[in-house]
Amino acid sequence: MQGKTPKPRPVGQPLLRLSGGYPAWMTDQPSDQTIGELETVHTFDSGPMPTGVSVSAGGRIFVNYPKWGDEVPFTVAELRDGTAVPYPDQAWNSPFGDDDAKAFVSVQSIVVDPADRLWVLDTGSPLFQPTKPGGPKMVCVDLSTDTVVQTIVFEPDVALPTTYLNDVRFDLGRNVAYITDSSDQGANGIIVVDLASGAAWRKLHDHPSTKAEQPPAFLPVVEGSPFLERPADGPAKPVLMGADGIAIGADGSRLYYCPLASRHWYSVSTDALVDRSAGADEVAATVVDEGDKGGVSDGLETDDQGRLYLTHGEHNAILRRLPDGTLETVVHDPRLLWPDTMSVAADRHLYVTANQLHRQAKYQGGTDRRQYPYSLFRVPIDAGPVRLV
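An unreviewed UniProt entry lists the protein under the name Sugar lactone lactonase YvrE, from Actinoplanes auranticolor. Under the UniProt heading Subcellular location (unreviewed entry), the note attached to the protein is "Secreted".

Here we come to the pattern of salt bridges. Opposite charge on two side chains makes pairing possible when the charged atoms of those side chains draw close. Considering all chains together, one arrives at 23 salt bridges under this definition. A salt bridge links E229 to K362; the shortest N-O distance between them is 3.9 Å. Separated by 133 residues along the polypeptide, E229 in the loop between β15 (225-226) and β16 (243-248) and K362 in the loop between β25 (349-354) and β26 (374-380) bring together distant segments of the chain. The exposure class assigned to K362 is partly exposed, which follows from its relative accessible area of 32%. The shortest N-O distance in the salt bridge between D347 and R378 comes to 3.1 Å.

Our focus in this paragraph is the pairing of strand β23 (residues 327-332). The side chains of a regular strand alternate, first on one face of the sheet and then on the other. The pairing of strand β22 (residues 317-321) with β23 spans five bridges and is antiparallel. Looking at β23, one finds that I318 is bridged to V331. A loop of five residues connects β22 with β23, the two strands running antiparallel in sequence, and G325 in this loop sits at a positive phi of about 95 degrees.

For the rest of this paragraph, the subject is the confidence of the model for the protein. Residues with a pLDDT of 70 or more make up 93% of the protein, whose mean pLDDT is 94. Every residue in residues 1-10 scores below 50 in pLDDT, and together they form four contacts with partners more than four places removed in sequence or on other chains. Per-residue pLDDT stays below 50 along residues 12-19; that stretch engages in 11 contacts with residues further than four places along the chain or on separate chains.

Time to look at the environment of T180. Position of T180 among the secondary structure elements: in strand β11 (residues 176-181). You can call T180 buried: its relative accessible area is 0%. Residues T180 and R307 lie 127 residues apart in sequence; the distance between their C-alpha atoms is 20 Å. If we skip the residues at most four places from it in the chain, T180 touches Y164, L165, N166, D167, G189, I190, A243, D244, G245, I246 and Y257.

Of all six residues in strand β17 (residues 254-259), six are buried, a share of seventy percent or more. Of the two faces of β17, the one lined by R254, Y256 and C258 and the one lined by L255, Y257 and P259 are each fully buried. Here five bridges tie β16 to β17, and the two strands are oriented antiparallel to one another. Opposite A247, over in β17, you have Y256 as the bridge partner. Connecting β16 to the next strand, β17, in antiparallel fashion are five residues, including G252 with a positive phi near 80 degrees.

Before going further, it helps to examine the sheet that holds strand β12 (residues 189-194). Here we have four strands laid out as an open sheet, ordered β10-β11-β12-β13, and antiparallel in their pairing. Each of the sheet's edge strands pairs with one partner strand only, and the pair in question is β10 (165-171) and β13 (200-203). Taking each pair of neighbouring strands and ignoring which way they run, the sheet shows an average axis angle of 25 degrees. As judged from the five bridges shared by β10 and β11, these two strands associate in the antiparallel manner. Within β11, the position partnered with V168 by the bridge is I179.

The rules we used
Residues numbered from 1 in each chain as written. Predicted model: local features only at pLDDT ≥ 70, side-chain atom pairs only at ≥ 80, totals over all residues. Heavy atoms only, no water. UniProt positions renumbered as here; feature names shortened; annotations may be inferred. Salt bridge = Lys/Arg side-chain N within 4 Å of Asp/Glu carboxyl O. Helix = DSSP H or I, 4+ residues; strand = E, 2+ residues; numbered from the N terminus. Buried < 20%, exposed > 50% of the residue type's maximum accessible area, 1.4 Å probe, protein only. Pairing = 2+ DSSP bridges. pLDDT = per-residue confidence, 0-100. Contact = heavy atoms within 4.5 Å. Axes fitted to C-alpha atoms, helices over the stretch in contact; angles between N-to-C directions.

Below, the structure written as structure tokens:
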């Protein structure tokens, strides 16, 4: 007898689950076991999907929503009393165009720096469209007054038309920031920013370590299916996002990064990155292949004990590399549907967003298979954030 094709459940319709997050029909059979203590901090029961999260020294939580096709009334928010509100206000979240240097266009990442200031990384690239001067920028917000105190707009030779500013880390001892360009349409690399002058420059420009790997050498599998771009009509094609995750070593001497489309990760000397006179070959000579990390990582992080954290979208997990090189699992849970961005907080927890990125229509033959809620979780790690001052 021919079975009927089940209809996809609408976004927001709950799924019957029992303890451990498993569907009811799975509880009487052996199944994948969870690891770690995953605590729900906030659920996004409506609205756009979040990517970034960062937590201030005082425990304030900030999130952002890039403009990838969802309706996004504000691209940066603070979670207050269980509700996301535009931050620092609605005016900063209401650009007049993609080249508005005085408003957020489409934000991919927000990070609280070691001085407890919130930096907003604006891609200037809604729907991954070509950037326009004025759109790609970094904006610093003083959390004591909730006001913008600095804006660094990137020149066209730094933020290229194809550039997608993905994530950022800070070393206030050097007064610099490091940004990954994860473009799937052009050159990848690391952008270095002098926070005092606002000057910025590109390093490892299109270096192989910043580039996506492609089938057959690399084929990611998420929720049991190859992770590929699958248009509604036409053939599937590989995901080509380059340098994405980024983390700075606890002593500031090495910067770690990884292409989204790769199971390898790399590090580079920060001395070489900040030296504007260092040539491409000189910088490349300091790159170290850190090996196979076992899965696709959208986010990287570090703690003050020198441990490195890696999200694993293929395994619904977060791993951690110890100083001696040992990899261990921090948390593995079926609710971690595409763990995206991590933030180590002063409360000695690791925060992480889970946003079902792989279920977007562009990866699912034109059908949006995401289900509410998206989630913000945290897990205890008995460590604090790296503060390079």
